[in-house]
Structure formats: structure tokens, C-alpha cells
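# Survey of secondary and tertiary structure
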Amino acid sequence: MDKILEAVVMSSYPNNVKQGLVRRVIEAAKQPMDSEQCWSMLELSTKLYLTGDTKYKREIGKEVLEVYGHYHPEEFEEFFNVRFLLSLLQEGYGPLGKRSHYVLDYIQLGLQFVSESPSANSIFSLLRIEVLRKVCERPSPKQCAKISKLLTQHPQCIPTGKHQVLFCQQLIRCIGQFQCVSEGEEAIMEFLEQVNKVSGLLQRIWRTQTSAILPSLKELFTIISSTEEQEAPSNALASVVQFVPLELMDGVIRNLTNDDSITDVQMMTAIGRMIDWVSWPLGKNIDKWIIALLKGLAAVKKFSILIEVTLSKIEKVFSKLLYPIVREGALSVLQYMLLSFQHSHEAFHLLLPHIPRLVASLKKEDSNSATSSLEQLAELIHCMFFRFSGFPDLYEPVLEAVKALPIPNEDRIKHLLGQNAWTSQKNELACFYPRLVSKSETGKIGLINLGNTCYMNSIIQSLFMASDFRHSVLNLTEGNSQPLMTKLQWLFAFLEHSQRPAISPESFLSASWPPWFTPGAQQDCSEYLKYLLDRLHEEEKTGKRIYQKLKESSLMSQAVEHHYLNKTLIEKMFGGKMMTKIRCLKCLNVSSREEAFTDLSLAFPPPDRHTRGSTSVLPVEQIGPQFIEPPENPSQLIGSPWIQRKAPKAGDPAAPPVLVETLGLQETGEAANPLRGDAVGMDTAKDPLSAFGEQACAPKDSRSVPDLINYFLSPERLTAENKYHCEKCASLQDAEKVAELTEGPHYLILTLLRFSFDPRTMKRKKILDNVSIPVVLKLPVLVTPEETEEVCQCGKDRAAPGSGFMSVVYDLCSVVVHSGISSESGHYYCYSRECTDTVPHGQPQDGTPKPASDKQLDFEIQWYLFNDTRVSFSSFESVSNVTSFFPKDTAYVLFYRQRPGRQGCLLHEALAEAGRMHSEPSLHKDLMEAISKDNILYLQEQEKEARNRAAYISTLPKSPLWWRDFDRDKDDDNSSGGCSPAAGGGGSGSFHGLVF
């Protein structure tokens, strides 16, 4: 029968005729026959299958083998023996030089008929050894795929024990040498399928034997970190990583980055080749592994590796965004590389020539993937514009390309920059690296205490968090002839852009030091603040102006422009005006004097004075943190008690000022209080914010900031030794003195006068009374008849034709706290937040309130605690409760920011417009270069320190594989800060296609 079959197959008959004859032979084979005949047929079918020169012959050989394996199992088992298989695997089949490529397929076919036979175990044992030998010979991708298919269908043939680990390692070695021989689409798809079969086998082994994973990864790292190979390993290795469980990532990265046996060159080579893996299509989690290793290197301060790899690879990663199949992973890696490379603009600038072309290509593609990538890319670009401002000539083409795409807000930008910086990565060995600290997770930078200089640090941080003032200072032009303001600009710029966790304000301290301060001694922060603002004001006042943006933008009328541009920056930001009036109680003549102020010093009322009943002309209103609605009757006017008042009759006591009740929040059923909300008919039970508002209100017997302001503004009797010399009466007379605010500052600074001189001890003692601080308050400001019309047009609260008071709303933005019992000792720290306009740009500022659903409530704005080098997240609850928990820690200096739409609306509008034009302050190039150089210096310092510690760490007992999670944030009060050397080198690159 074998002769008949062979003659039919070799004949020249048409295939359909042959097929009919073969059918008859196969049907006959299903009948019983002697073993010799079976053996002959098996030999012939084996020959056809392994050496057939056509697919038809191989198919016939396969069909006959399957029939004999099914209907003659004993003879098939005898033929398919261990010795025959060993010969096939070691010597091959067919003539020399033309050995069959189908041996593995043949074995796979035969195994299904002997897997239950007595000889199966010996066959499996043989194959476990032979497949290991085969992979050690580095077979082609096609042969490797066949081995993987065989072992996947017959897992009994997979090597076990130590041989299994070795098999995995050798299989990874094979993958590292895979190359796609053709660039045709079909060849590429076939190559990808072969690689997936091989890596799929590894996944199967790792699932059942997890102990093989780490040795396999070690072998993988050995391959990609090798510097001896002339040819780079295949990117197909990326397919291996995608099957490693992500829960192992932290441990693997931790061990890699802290392994002292790995040289920098090896690590640089490895991470560079991993980044090339973004070219590998259909891979999962490859970007996560690349980013994890980059973060791990940042955590152990291997900054030189990161700099070199980023500059050499970022263009190649960027080019992969053109290809949808690898775009998602490439974009993730690009985002981290750019957002982490914050010490210099170099990496971003390498991409500038390529961005417009890529944006145009993505727009043309018009797919969901392209649209999503465009939005993410635009966000990334705006982050870089914010971080590296000052290059308008380079950025203009890029800005034009992305102008139609969404722009992220400043908070989002700072969040992205803060969480991705190299210096933000926590070091798992922090306990062994006491000097190697990470930047605060808040993204904010601390100030080093130079010896009892916390008073200055807390003031500087409060001024820095006054965003309008900070932006104006950062926009200061070069060559402004204002040395102190320039030093403040540099300090603010480093606080904004430095990679250090804390910087040294030594240069600014020496320039702003009040001459009467004693070096090394604790000082009064309020005294320092007054001196600093006065110095800055006088310096600009002498003719060296810095704030010309408003004039250039022609936002104001000439009259208003003259009024505001004649002011210095300090006056614009912190300057207010106050009218002091003294009325003679005999002749009723009133003398008045207006003076400017940059802060209000608030004394504490005497213990016997009940401040809640004080008779100020318009008591300060203390309200909850909600959006302030305009009054229903905008013509409501609160008149001055000294205007339109009839002269008292002889002998009558001085007529008391008109008491105006203030707006507040109270609990339902509470007795009406003159400084609470009953008078204005506010239904607090219906107010969803009333619970929070009560946090800002003091208990009945305690004091509040509005109490102190009302006491400050309340009339004072001048009698006895304090009698007033009346010019009209030409003699000393009893008089009444009152202070009225005539212009509210943009930033209101309040100093609580807690320190008084004790003649017994000859020292200044501290008033430790707890003072509740409202998050929002209203300040009474006097308006003149000339201002009334302008006030109404701007949507002012409580303003009308005639002369009277209006309420200006202020939001709390900083609180400087003094800890201690004396001004000559103790410690200062501050709570701050960035208050910005709640009305979004573009919304008509016509007094129309925002819908409740769109409100940005005040308690949603993040608070920060600045304590010298330490910066942490905080909350208003912490601010308001600090004295309750720590009686010696009391609020001392408060910063409030005026809300828009109130007094000074033209200035607000101008500042808002300037903010839109310059929301990302452009620093001049000298300053940007200094920051970049100092960032590089800092990275070098950290890396050097890490290397110096390596010897110490290597002497420690070896840790187990899964290290304990030392996830701690250790601040370093001794970190150095400053400005000096070195910007990195350049580089160029071009777009490349996908590499297989």
C-alpha cells in the first residue's frame, strides 16, 4: 500500500485525480493490517511530511499520520519512539544541507497520539532537555515560535526546576536576537505573531512558576545593559516586559536602582534601549516600566544618567506620536520626560522645530486618538511655556500651532510640574541619605533659616503667595535700577522655578536688613514687613518705575491712568488711605487729615470694653465663605455719623454715631447680636454654607478680627490730659476722634498688636488671647459724592448718590503665626493660599452673581503651611484652630485680598487684563539661565552626595527582595541654595519610522 501511495503522489495526474486515489488509500488504512505494513506507511508519511517539496505532499503526509495514529496506536507508539525523536532533534531529517524545517511540527503532531501511552513520560523527559538545548542554539524567530507552540499545547515538555529558569533566560536571549528580515507588511505581521507566541510562552511559565520571573528579568537587564554587543538587542524584548505583573514593579525598580554593581554606563545603556521600546506595537505597560525606572533613578539622584538619556532620546520618542499604534505609550513617556526635565529648557527646545509639523499631522488625521493626543500635547506645551518663559521668538510658531487647543489653568500646570519633577521622587533609602531630600509634594519651595530669620521667611512666603504682587514682581523688566526689587524678583523666580526643596535667601536678607536689627536675634516680622515695603516704595518713588504694562496696553482712560500710574507698585498692591477726623465738642468744628497706610495696626480693646457693642460708623462684617451677592437695593447708603447731623443743644451729651448692624451667620434660635445677621434678614437655616461660616465666627466671649477693626474705627474721646487744642476755640477742649477708611488697599495687611511693653520687667509681653479669623470680611470705606457714580457703575456694595460708606469684600490669603511668649524670642511660620478672582475671565462683570453650581467656594482653595524649609498641605480648619491646640501660637499678621467688583474696580480690571496677558510671567534670559544653572548644580550636588553614600549602604546587611516601604518625607534644614553654574549641552535629531 505504501508503494501505491508513493506512486500516486509522485505521478503527474491532476490533483483532483490524485486526491480521489489518496482517499481510497486512507480509507483502506482504517482497516486492520500487519505491523510491517503500518511501519512502511508511517515511514512514507513521515518522509512526505518532513521533506515534501510541495504543500500538497506535506498535507497528504499529515493526513496519513493522523489516520495511523488514530486507528493503529500501538504501531504508531512503537514507531514514534524516544530514539527516533532524539535522532530527529539532534541530527535532523533529510539530506545534508537540506535538513527539514518541520521537525518540531512533526513532533507536535505525533505527541497527541502518544501522550497517554506508557512511553509518554520518557518522551516528555527527552523533550524537556532537547527544547532547552534548542533555545541555547539561538534558533530563528520562526523556530522559536514552533517551540513555543509545541510547549504551549504540551506543557509536560516544559523544562522544570533549575532548567526551567535557565530555559526562560535562554528564551529571552533568543528574543533579544530576533530581527525582522523584511519590511513588507505581511512579513512584519508574521514577525509580530512569532514574537507574541514566544513571549506568550514565558507568560504561561511565569503564571505557574512565579519564582522564574525575577531571574528572567535579571537576564533581560543583563542583555539590554550590555555595552559589549556591537548590535543593539531587538526591540522585541519589549514583548517580554508586558507580561511581568505590575505588582512586582516597585520591588524590581528599587533593587535595580540601588544595585551598586550596576555601573552608570550600563544603566544608561539599559534605560536608553528601554525607551526605544516605545516603537514596539501592541505592547502593554511598556510605558509604565520605562517611567518607573526613570522615577527610580531620580529617587536615587542619578541625574547625570537622566539628563543624558533624555536629551538623546526625547526626539525619537516624540516622533512616535505620528504612529497611532504606539502613540499612547509614546505620549506617556514623552510627558514624563518633559515634565521631569525642569532644571533646563534644553529638552523642550529640542522639540520646538518638530511640534508644528506633528500638530498639523494630527489635525489632518482627525481620529479620536489624534484629538486626545493633541489636547494632551497642548497641555504639555503650555506647562513648558510656563516653566521656561522668556523665549517668545522660539515659541511663536508653536503657540500659533496650538492656539485653537484648550489651555490648562495655572493650578493644573503647577500640579503637573510639582508631581513630576525629579526632585519630587521619594527615595526608598531616605533613612540612609539624610541630606538627599525631595521637593515637597506640594510643589512649593521652602526658605532656609539663616539664624533666627523665620520672621523674614514667613513674610517672604506670604508676599510670594500674593499672586498679583508676585506676577508684577516677576514681570519686572531688566535694567530697572531698583536693586532691592530686583533681588526680590530673583528670590521669587527661584521660589517659582527652582528644583531645590529649599533655597537660601541670604542675598535678599543682607539687602533688606533693617540697620537697627541685631544679627542672629529674633525680630518682629511686622516691623520687618513695614521696613521692607517702605524701602521698595521709596526706591521706586525716586523715579525708577517698573510697572508700565498698564500704560502700554491702553486699558485706562488718561485720567485714571494718571491716577494709578503715578502710584508705585507697593501703593497699588498694599496702599490704602485713611481719614482722621477730630471734632471739637464745644464748637463742633471738624478738622481732618488724610494719610496713606500699607497696614492697619489693630490694638486689643481694654478688658472692660465690650467690643461687640462698639459704635463704629460701619462695623466690619464677618461672613461665611460664600460668594457675596449684590444687595437687592443697590441704592442703600450708610451715611457718616458726622454728615447731616444736627448740632446738639447746649447741655445735651454728644450725639452717638449711627450704629449699623453687620452681616454674619448665626444658629437658629440664637439671640440677635448687633454684629450678626438678623438686621439684614438673612435666613441662615436655609443657607447650606452656614455650618462652615460659623467656623469663622468667634465664641460669644472671645475676640475676632472684626472686633479689633471695629475698635480701631470706633470714635475715641479726647478728655482730661488728652484734650484737643481747637484752633477755632483757641484752647484745649474735649473732642471726639474717629478714623475712616477712604481707600481700601488691593491687599489688606492687618497686624494684631499682641506685644506691649511691661515697665515692671522692662520687656515686651505678649497678649495670648485667641482671635477668631474670618475667611471673608467686609471693610467699611468712605466714598465721596464724586466717586458715587463710578462706584455704582462698578457694582459696588452699598453705594448710592451722596456721600456715605460702602462695604469692600476681602478674602483671607495669608496668616503669619508667632509661636512664643515674647517678640524677642519664639518662632514664626505662616499659612497661605493663592486667592484669585472667582469670576472667570470673559464673564461680564455686571454684578450678576454666578450660579450656585458654578461657585468656587473659598474653602476649596488649597492652604499651605510654610515653616522655613518645610512646606506642607494644610486647611482653613488648621488656621482657625491653631491657638486652640497650641496656646502660644497666635495669629499676628494677616493678609487679605480685595475681591473684584468692589472699590478700585478699574484697577482690578486692569490687573485682571494684565493677568490674562501675562498669566505666565516671562523672566528675562539672565534670570532663566541662572535658575537653569543652579538646578543643574543642585542635581550634581545630589548625585555626588548619593555616590558618597554608596560605600556606606554597601556595607549594610543585604535586604530581602521585597523591601520595606520607607515612604517618608524627610525635610533637610541644612540644604544649600543659591544661584550658579552650568547649562547642559545641546543635540539634534530627526524623525524616524517605527523600528522592528
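Not measured: the values here are computed from a predicted model. (Residues numbered from 1 in each chain as written. Predicted model: local features only at pLDDT ≥ 70, side-chain atom pairs only at ≥ 80, totals over all residues. Heavy atoms only, no water.)

Scanning the protein chain from N- to C-terminus turns up 37 helices and 21 strands. For the protein chain, the accessible surface area stands at approximately 44300 Å², while carbon and sulfur atoms represent 51% of it. (Helix = DSSP H or I, 4+ residues; strand = E, 2+ residues; numbered from the N terminus. Areas by Shrake-Rupley, 256 points an atom, 1.4 Å probe, with all protein chains shown as cover.)

Read across the sheet, four strands follow the order E4-E3-E11-E8 without closing on themselves; strand pairing throughout is antiparallel. Of all the strands in the sheet, just strand E4 (590-597) and strand E8 (716-718) have a single pairing partner and so form its edges. Ignoring strand direction, the axes of neighbouring strands in this sheet form an average angle of 25°. Pairing geometry for strand E3 (residues 576-584) and strand E11 (residues 735-743), over eight bridges, is antiparallel. Bridging across to E11, methionine 578 finds its partner in leucine 741. (Pairing = 2+ DSSP bridges. Axes fitted to C-alpha atoms, helices over the stretch in contact; angles between N-to-C directions.)

Here we take up unusual backbone geometry. Its identity is not glycine, yet lysine 301 carries a phi of approximately 65°, on the positive side. Locating lysine 301 in the fold gives a position in the loop between helix H16 (286-299) and helix H17 (303-319). Assessed through its relative accessible area of 1%, lysine 301 is described here as buried. The backbone of alanine 720 sits at a positive phi, close to 55°, despite the residue not being glycine. Checked against the element boundaries, alanine 720 lands in the loop between E8 and strand E9 (724-726). Judged by relative accessible area, which is 59%, alanine 720 ranks as exposed. (Buried < 20%, exposed > 50% of the residue type's maximum accessible area, 1.4 Å probe, protein only.)

Taken as a whole and assessed by the stated rule, the structure comprises 29 salt bridges. Where aspartate 468 meets arginine 897, a salt bridge forms, and the shortest distance between an N and an O atom there is 2.9 Å. Note that aspartate 468 is positioned in helix H25 (residues 467-474) and arginine 897 in strand E21 (residues 889-898), a separation of 429 residues in sequence. For aspartate 468, a relative accessible area of 16% translates into the label buried. (Salt bridge = Lys/Arg side-chain N within 4 Å of Asp/Glu carboxyl O.)

Moving on, we get to the packing of helix H18 (residues 324-340) against helix H23 (residues 410-420). In a pair of packed helices, the angle between the axes and the distance between the axes together describe the arrangement. With their axes 8 Å apart at the nearest point, H18 and H23 run at an angle of 85° to one another. Relative to H23, H18 is oriented roughly perpendicular. Judged by residue contacts, Tyr336, Leu339 and Ser340 of H18 engage Leu416, Leu417 and Asn420 from H23. Looking at side-chain class alone, the contact of H18 with H23 contains four nonpolar, two polar and no charged residues. (Parallel < 35°, antiparallel > 145°, perpendicular 65-115°, else oblique. Contact = heavy atoms within 4.5 Å. Nonpolar A, V, L, I, M, F, W, Y, C, P; charged D, E, K, R; others polar.)

Moving on to the pairing of E21. Where burial is concerned, most of E21 is hidden: 10 out of the 10 residues are buried. Where strand E17 (residues 804-819) meets E21, nine bridges bridge the pair, whose relative direction is antiparallel. By the bridge assignment, serine 814 is partnered in E21 with phenylalanine 895.

Residue position: leucine 602 is located in strand E5 (residues 600-602). With relative accessibility at 0%, the residue leucine 602 sits in the buried group. In this structure the C-alpha to C-alpha distance between leucine 602 and leucine 708, which are 106 residues apart in sequence, comes to 5.9 Å. Apart from residues no more than four positions distant in its own chain, leucine 602 is found in contact with Leu708, Ile709, Phe712, Leu750, Thr751, Leu752 and Leu753.

What follows deals with the environment of alanine 238. Position of alanine 238 relative to the elements: it lies in helix H13 (residues 238-241). Since its relative accessible area comes to 0%, alanine 238 is described here as buried. Distance from alanine 238 to serine 199, taken between C-alpha atoms, is 9.4 Å for residues 39 residues apart in sequence. Among residues more than four places away in sequence, those in contact with alanine 238 are Trp277, Trp280 and Ile286.

Counting buried residues along strand E18 (residues 827-832), five of its six residues qualify, which places the element largely inside the surrounding structure. Across six bridges, E17 lies against E18 in antiparallel orientation. Counted as the bridge partner of histidine 818 is tyrosine 828 from E18. Note that E18 and strand E19 (residues 863-867) share three bridges and pair antiparallel. Residue pairing for E19: cysteine 830 is matched across the bridge by phenylalanine 866.

The next thing to look at is a negative patch on the surface. Together, Glu185, Glu186, Glu190 and Glu193 make up a region of like negative charge exposed at the surface. Here glutamate 190 shows up in helix H11 (residues 185-208). (Patch = residues over 30% accessible without salt bridge, like charges linked within 9 Å, V, L, I, M, F, W, Y side chains within 5 Å. Lys, Arg positive; Asp, Glu negative; His and termini not counted. Charge placed at Lys NZ, Arg CZ, Asp CG, Glu CD.)

This paragraph deals with the packing of aromatic side chains. Summed over all chains, the structure comprises 26 aromatic pairs. Their ring planes at 50° and their centres at 6.0 Å tell us that tyrosine 49 and tyrosine 106 sit as a pair that is tilted. Here tyrosine 49 is found in helix H3 (residues 35-51), whereas its partner tyrosine 106 is found in helix H7 (residues 103-114), with 57 residues between them in sequence. Judged by relative accessible area, tyrosine 49 falls into the buried class, the value being 11%. Judged by centre distance (6.2 Å) and plane angle (35°), the ring pair of tryptophan 863 and phenylalanine 876 falls under tilted. With tryptophan 863 in strand E19 and phenylalanine 876 in helix H35 (residues 876-885), this residue pair connects regions lying 13 residues apart in the sequence. Like tryptophan 863, the residue phenylalanine 876 is buried in the burial classification. Members of the aromatic cluster, joined through ring pairs, are Trp39, Tyr49, Phe76, Phe79, Phe80, Phe84, Tyr106 and Phe113. The ring of phenylalanine 464 is capped by arginine 470, whose NZ or CZ atom sits 4.8 Å from the centre of that ring. (Phe/Tyr/Trp six-rings, centres within 6.5 Å; stacked < 30°, edge-to-face > 60°. Lys NZ or Arg CZ within 6 Å of the ring centre and 35° of its normal.)

Judged by nonpolar contacts, the single largest core of 207 residues is most densely connected at Leu111, Leu334, Ile460, Phe469, Phe492 and Phe574. If one sorts the elements of this core by residue count, helix H21 (residues 368-387) sits on top with 10 residues. Isoleucine 460 has contacts with Leu447, Leu488, Leu491, Phe492, Leu495, Phe508 and Leu532, leaving out every residue within four places of it along the chain. One finds Val705, Val775, Val783 and Trp863 within the second-largest nonpolar core, a separate group that totals 39 residues. (Core = buried A, V, L, I, M, F, W, Y, C linked by side-chain atoms within 4.5 Å.)

This brings us to the confidence of the model for the protein chain. Low-pLDDT portions of the prediction should not be read for the details of their coordinates. Of all residues in the protein chain, 74% have pLDDT values of 70 or greater, and the mean over the chain is 76. Across the protein chain, element-level confidence peaks in helix H24 (residues 454-465) with a mean pLDDT of 95 and bottoms out in helix H32 (residues 690-693) with 31. Across residues 427-437 the pLDDT falls below 50, and counting only partners more than four positions away or on other chains, this stretch makes 38 contacts in the model. Low pLDDT, under 50, characterises residues 611-617; the predicted model gives this stretch 29 contacts beyond four residues in sequence or across chains. (pLDDT = per-residue confidence, 0-100.)

Attention now moves to helix H9 (residues 141-153). Over its 13 residues, H9 extends 18 Å from the first C-alpha to the last, a length consistent with the 18 Å expected when each residue adds 1.5 Å. Every buried residue belonging to H9 is among Pro141, Cys144, Ala145, Lys146, Ile147, Ser148, Leu150 and Leu151, and all of these are buried. Structurally, H9 contributes buried residues whose contacts are with H7, helix H8 (120-136), helix H10 (162-176) and H11. (Expected span 1.5 Å × (residues − 1).)

Further remarks concern the packing of helix H15 (residues 264-276) against H16. Remark: H15 packs on H16, axes separated minimally by 9 Å, with the N-to-C direction vectors making an angle of 150°. It follows from the interaxial angle that H15 and H16 lie roughly antiparallel. The interaxial crossing formed by H15 with H16 has left-handed handedness. Of the residues in H16, those in contact with Met267, Ile271, Met274 and Ile275 of H15 are Trp289, Ile290, Leu293, Leu294 and Leu297. The residue makeup of the contact of H15 with H16, split by class, is nine nonpolar, no polar and no charged. (Left-handed = near helix turned anticlockwise from the far one by under 90°.)

The element helix H33 (residues 705-713) is extensively covered by neighbouring structure, given that seven of its nine residues are classed as buried. Taken residue by residue, H33 has Val705, Pro706, Asp707, Leu708, Ile709, Asn710 and Leu713 as its buried positions.

With respect to the helices, strands and loops of the structure, lysine 933 is situated in helix H37 (residues 925-954). Residue classification places lysine 933 among the partly exposed positions, given a relative accessible area of 26%. For the pair lysine 933 and serine 344, spaced 589 residues apart in the sequence, the C-alpha separation amounts to 7.7 Å.

A complete count under the given rule lists zero disulfides for this structure. There is no disulfide at cysteine 454, and the cysteine sulfur nearest it, in cysteine 525, is 8.7 Å away. (Disulfide = S-S within 2.5 Å.)

This part covers the side chain of serine 526. Following the sequence through the fold, serine 526 ends up in helix H28 (residues 525-541). When its relative accessible area of 4% is taken as the criterion, serine 526 is described as buried. Apart from the residues within four sequence positions on either side, serine 526 is in contact with Asp599, Thr751, Tyr892 and Val893.

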